[in-house]
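# Working through the structure, step by step
The chain contents come next:
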Amino acid sequence: MASLTETIRTPSSLGRLSTYLYTRPRLLLLLLLVPPLLWLGIIYLGSLFSLLLQSFFQLDDFTGQVVMKPTIGNYLRLFSATNLSIILRTAGMAAVVTVISAMIAFPLAYYMARYADKRMKALFYVAVMLPLWSNYLVRVYAWKLILAKEGAIHWIFNQLGLGGFLDWILSLPVIEGSSLSTSYLGTMITFVYIWLPYMILPVQAALERVPRSLVEASSDLGAKPGETFRKVILPLAIPGVAAGSIFTFSLTLGDYIIPQLIGSSRPFIGQAVYQFQGTSGDIPMAAAFAMVPIAIMAVYLAIAKRLGAFDAL
Amino acid sequence: MRSDRLLAPNRLVADRSSAKAGFGLTAAAWFGVLFLNLPILFIILYGFTTDDKSYSFPPPGLTTEWFSVTFARADFWDALWLSVRVALVAMMIAMVLGTCAAAAMYRFNFFGKESVTLLILLPIALPGIVTGISLRSAFALGDVPFTYWTIVLGHATFCIVVVYNNVIARLRRSSPALIEASMDLGANSFQTFRHVILPNLATALLAGGMLAFALSFDEVIVTTFTAGQQRTLPIWMLNELIRPHQRPVTNVAAIIVMAITFLPIIGAYYLTRDTQDVAGSGK
């Protein structure tokens with residue numbers, strides 16, 4: 001008994017430090033929180049702030065030096081015809097990609113959530129996650145191979161005697177390109193492929209949460225399966241679709257690798273940012289351009305929030 | 001009894017609809033699955049083609065010579081080595097910072113907690129190009145030259161959230177009673193951490209680290225802004241894609257990259273598969 005009181009009375013130095021921290025939870029919190037906050041605060045927020053700052057500077061055309069005098073010149077330049085068409089092209093692509101992704105994702109997610117048994121569900125889950133975790137560049141490259149003029153899709157269409165049909169599609173306005181890999185259609189397919197898992201997962205989660213009793217109640221009350229789907233299941237799945245669309249829309253807005261590798265050579269926002277900072281060394285203009293996707297996303301998030309997207313994340 | 005009989009037909013309808021999907025739906029679901037997974041096979045197929053000038057399908061012939069060609073190229077090995085070094089260090093930084101953040105967020109309630117969560121999530125919530133150009137602009141303003149460390153800096157920043165997600169999910173499911181019991185039985189905080197918390201966290205921590213490694217090893221968008229003239233493996237591949245030198249070599253490199261990233265991801269999956277928070281669900 002005596003030895004026990006002894007150890008309690010004279011704890012080791014580590015023990016004393018432990019007690020010290022235990023009685024001062026605020027200090028412990030500080031010790032835990034300060035390292036990650038310093039890192040993210042200085043490196044990440046600092047960089048974001050420097051981006052904002054840079055966007056108000058301007059590049060001197062003659063000296064090639066950045067003039068650190070605040071101006072909104074870069075932002076005015078965003079409204080030139082060329083830049084405006086880049087912005088509209090990117091936003092339009094993001095919208096189309098989002099809609100098509102939702103159309104492909106919905107039946108898959110619906111099947112996963114309502115019909116697949118346990119084993120099937122695991123299989124589908126892996127099938128959705130596998131591409132998400134394989135190399136982004138490799139997956140884009142795969143489509144370059146598939147969509148090329150001499151590649152698999154053109155080959156299949158030719159084998160089926162539908163080569164003329166494919167050429168006709170490729171000759172349509174807007175899509176226009178000599179092959180799938182040099183047309184907007186190819187860019188769109190690749191975007192959809194790359195971001196699709198981000199749409200499937202939240203939609204599936206939302207559908208999973210639709211209570212079975214509601215569906216049964218609807219059919220008990222005389223609704224046909226189609227009506228139940230339209231009036232009960234679909235409205236409850238909307239937040240999931242909205243959540244998924246945040247990813248597909250935002251990721252398409254900011255990507256510059258896909259349109260660079262697959263598609264017509266007309267630039268997207270990401271490429272403009274990349275070229276301004278790279279070849280022309282105009283970081284202030286690149287910074288101003290990078291504000292465009294941030295601004296569009298801010299508006300988009302406000303809309304998505306009203307649709308309940310944040311509850312479905 | 002009467003009501004039972006009345007309900008019966010409807011229940012039959014409900015049962016049928018919940019048991020079997022229509023043909024259209026099944027076909028659409030499988031189309032999605034194939035669409036997501038078939039393209040990867042083309043990468044492997046084209047790694048063995050004898051045609052190094054175009055993308056012709058079907059390949060005119062098959063060969064394994066591109067593997068030895070790839071292994072003989074020094075620039076490939078340099079890029080691979082740089083990627084591994086960056087991913088390892090970024091992973092370690094992310095593991096330390098992510099675990100600290102998760103522990104703090106789990107254990108305490110404090111003013112501004114929501115903002116901290118947002119700050120941790122932001123680097124992967126904003127498009128990669130924003131993160132990339134931000135770092136680039138900060139380096140330009142501060143006259144920081146591009147080095148190995150500028151790449152690590154960017155990678156560690158977006159890897160923190162992966163570790164954080166894994167660790168906090170595990171913490172939320174572990175019972176606080178265990179920690180209290182350990183303290184009641186006389187262990188101090190460090191002993192409790194060493195003998196109770198750490199073993200409980202180990203697999204989640206390891207899984208988070210592996211995913212962080214994979215994420216860093218794969219990253220190309222942020223890296224193009226923070227690497228300068230240096231080439232990580234994805235950047236090396238991007239250059240090969242834009243200016244093909246020996247086309248199938250890119251495919252062989254792609255196959256190797258897939259193998260290197262898949263091992264840690266499968267490992268992470270196995271470490272966490274028996275739990276609710278399956279690793280990778282929140283990339």
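Basis of the calculations
- Residues numbered from 1 in each chain as written.
- Chains lettered and ligands numbered in written order.
- Predicted model: local features only at pLDDT ≥ 70, side-chain atom pairs only at ≥ 80, totals over all residues.
- UniProt positions renumbered as here; feature names shortened; annotations may be inferred.
- Helix = DSSP H or I, 4+ residues; strand = E, 2+ residues; numbered from the N terminus.
- Rg over C-alpha atoms; globule rule 2.2 N^0.38 Å.
- Buried ≥ 20, exposed ≤ 12 C-beta atoms within 10 Å, placed from the backbone.
- Contact = placed C-beta atoms within 7 Å.
- Nonpolar A, V, L, I, M, F, W, Y, C, P; charged D, E, K, R; others polar.
- Axes fitted to C-alpha atoms, helices over the stretch in contact; angles between N-to-C directions.
- Parallel < 35°, antiparallel > 145°, perpendicular 65-115°, else oblique.
- Left-handed = near helix turned anticlockwise from the far one by under 90°.
- Core = buried A, V, L, I, M, F, W, Y, C linked by C-beta atoms within 7 Å.
- Expected span 1.5 Å × (residues − 1).
- Bend = angle between axes of the 7 residues up to and from the residue.
- pLDDT = per-residue confidence, 0-100.

If you check an unreviewed UniProt entry, chain B appears there as ABC transporter permease from Dongia soli. The UniProt entry for chain B carries the following text under Subcellular location (unreviewed entry): "Cell membrane". Within the UniProt record for chain B, the comment given under Sequence similarities (unreviewed entry) is "Belongs to the binding-protein-dependent transport system permease family. CysTW subfamily."

The name recorded for chain A in an unreviewed UniProt entry is ABC transporter permease, from Dongia soli. What UniProt records for chain A under Subcellular location (unreviewed entry) is the sentence "Cell membrane". Listed under Sequence similarities (unreviewed entry) in UniProt, the entry text for chain A is "Belongs to the binding-protein-dependent transport system permease family. CysTW subfamily."

## A short note on the overall build of chain A
Regarding its fold elements, chain A presents 15 helices and two strands. Scaling as 2.2 N^0.38, a compact globule of 313 residues should have a C-alpha radius of gyration of about 20 Å, whereas chain A reaches 27 Å, well beyond that. Counting only C-alpha atoms, chain A reaches 95 × 75 × 35 Å along its principal axes. The buried share of chain A, reckoned over its 313 residues, is 44%. In chain A, 73% of the contacts between residues at least 6 apart in sequence involve partners at least 24 apart.

## With respect to the overall build of chain B
When helices and strands are tallied, chain B shows 12 helices and zero strands. Reading the helices (α) and strands (β) of chain B from amino to carboxyl end gives α-α-α-α-α-α-α-α-α-α-α-α. Buried residues in chain B amount to 43% of all 283 residues. Sequence separation of 24 or more characterises 75% of the internal contacts of chain B that already satisfy a separation of 6 or more.

## Regarding unusual backbone geometry
All names here are of chain B. You will see that D143, though not glycine, has its phi angle at about 55 degrees, which is positive. Along the chain, D143 turns up in the loop between α6 (128-141) and α7 (148-173). Look at D143 and you get exposed, because 6 C-beta atoms sit within 10 Å.

## Overview of the interface of chain A and chain B
Contacts between the two partners involve 77 residues from chain A and, on the opposite side, 71 residues from chain B. For the side of chain A that touches chain B, the element with the highest residue contribution is helix α3 (residues 25-54) of chain A, accounting for 17 residues. Of the residues contributing to the side of chain A that touches chain B, the split by class is 58 nonpolar, 14 polar and five charged.

## A word on the UniProt feature "transmembrane region" (unreviewed entry) in chain A
Residues and elements named next belong to chain A. Feature annotation in UniProt assigns "transmembrane region" (unreviewed entry) to the following positions: residues 27-53, 86-110, 122-143, 182-201 and 283-303. Between the C-alpha atoms that bound residues 86-110 there is a distance of 36 Å. The span itself is 100% helix and 0% strand. Across residues 182-201 one finds 90% helix and 0% strand; the C-alpha atoms that close the span lie 30 Å apart.

## So, the UniProt feature "domain: ABC transmembrane type-1" (unreviewed entry) in chain B
The UniProt entry lists residues 80-267 of chain B under the feature "domain: ABC transmembrane type-1" (unreviewed entry), expressed in the numbering used here. End C-alpha atoms of residues 80-267 of chain B are separated by 21 Å, and the span's content is 84% helix alongside 0% strand.

## Concerning the packing of helix α4 (residues 74-107) of chain B against α7 of chain B
Residue and element names in this part refer to chain B. Viewed as axis vectors pointing N to C, α4 and α7 meet at an angle of 40 degrees, and their least axial separation amounts to 6 Å. Compared by their axis directions, α4 and α7 come out oblique. α4 and α7 meet at a crossing whose hand is right-handed. Grouping the amino acids of the contact of α4 with α7 by side-chain chemistry returns 23 nonpolar, three polar and one charged.

## Some points on the packing of helix α8 (residues 176-184) of chain B against helix α9 (residues 189-218) of chain B
Working note: a packed helix pair is described by the angle between its axes plus the distance between those axes. Residue and element names in this part refer to chain B. Contact pair α8 / α9: the axes reach a minimum separation of 10 Å and the direction vectors enclose 145 degrees. Crossing handedness for the pair α8 and α9: right-handed. The segment α8 lies against α9, with L178, I179, S182 and M183 engaging T192, V196 and I197. Among the residues forming the contact of α8 with α9, the class breakdown is five nonpolar, two polar and no charged.

## Some words on the UniProt feature "domain: ABC transmembrane type-1" (unreviewed entry) in chain A
Cross-referencing UniProt, the feature "domain: ABC transmembrane type-1" (unreviewed entry) maps to residues 87-304 of chain A in the present numbering. Regarding residues 87-304 of chain A, the helix share stands at 79% and the strand share at 0%, and the terminal C-alpha atoms are separated by 21 Å.

## Points about the nonpolar core
By size, the foremost hydrophobic cluster in this structure holds 160 residues, and its most contacted members are V273 of chain A together with A94 and C159 of chain B. Apart from the residues lying within four places of it in its own chain, the contact partners of A94 of chain B are A156, C159, I160, V162, V163 and A212 of chain B.

## Section: the UniProt feature "transmembrane region" (unreviewed entry) in chain B
All names here are of chain B. Under the UniProt annotation, "transmembrane region" (unreviewed entry) lies at residues 21-48, 86-106, 118-140, 146-164, 197-217 and 252-271. For residues 21-48, the helix share is 86%, the strand share is 0%, and the end-to-end C-alpha distance is 40 Å. Between the C-alpha atoms that bound residues 197-217 there is a distance of 29 Å. The span itself is 100% helix and 0% strand.

## Concerning α7 of chain B
Residues and elements named next belong to chain B. Counted at 1.5 Å a residue, the expected span for α7 with its 26 residues is 38 Å, and the 38 Å between its end C-alpha atoms agrees. In the structure, α7 departs most strongly from a straight axis at F158, where the bend amounts to approximately 30 degrees. Within α7, 21 of the 26 residues are buried, which leaves it mostly tucked inside the rest of the structure.

## Details of the confidence of the model for chain A
With 95% of its residues at a pLDDT of 70 or more, chain A shows a mean pLDDT of 85. Element-level mean pLDDT values for chain A span from 50 in helix α1 (residues 2-9) of chain A up to 93 in helix α5 (residues 81-114) of chain A.

## Comments concerning the environment of Q260 of chain A
With respect to the helices, strands and loops of the structure, Q260 of chain A is situated in helix α13 (residues 257-261). The spacing of Q260 of chain A and Q271 of chain A is 11 residues in sequence and 7.2 Å in space, taken between C-alpha atoms.

## As for helix α11 (residues 233-242) of chain B
Burial analysis of α11 of chain B places seven of its 10 residues in the buried class, the great majority of the element. Within α11 of chain B the residues assigned to the buried category are L233, P234, I235, W236, M237, L238 and E240 of chain B.

## Details of the confidence of the model for chain B
All names here are of chain B. Averaged over all residues, the pLDDT of chain B equals 81, while 89% of them reach at least 70. For chain B, per-element mean pLDDT is lowest for helix α1 (residues 2-19), which scores 43, and highest for α4, which scores 91. Here residues 1-18 is a poorly scored stretch, pLDDT under 50, and it has eight contacts once near neighbours within four places are set aside; other chains count. Here residues 276-283 scores under 50 on pLDDT; set against residues more than four positions off or in separate chains, the count is 23 contacts.

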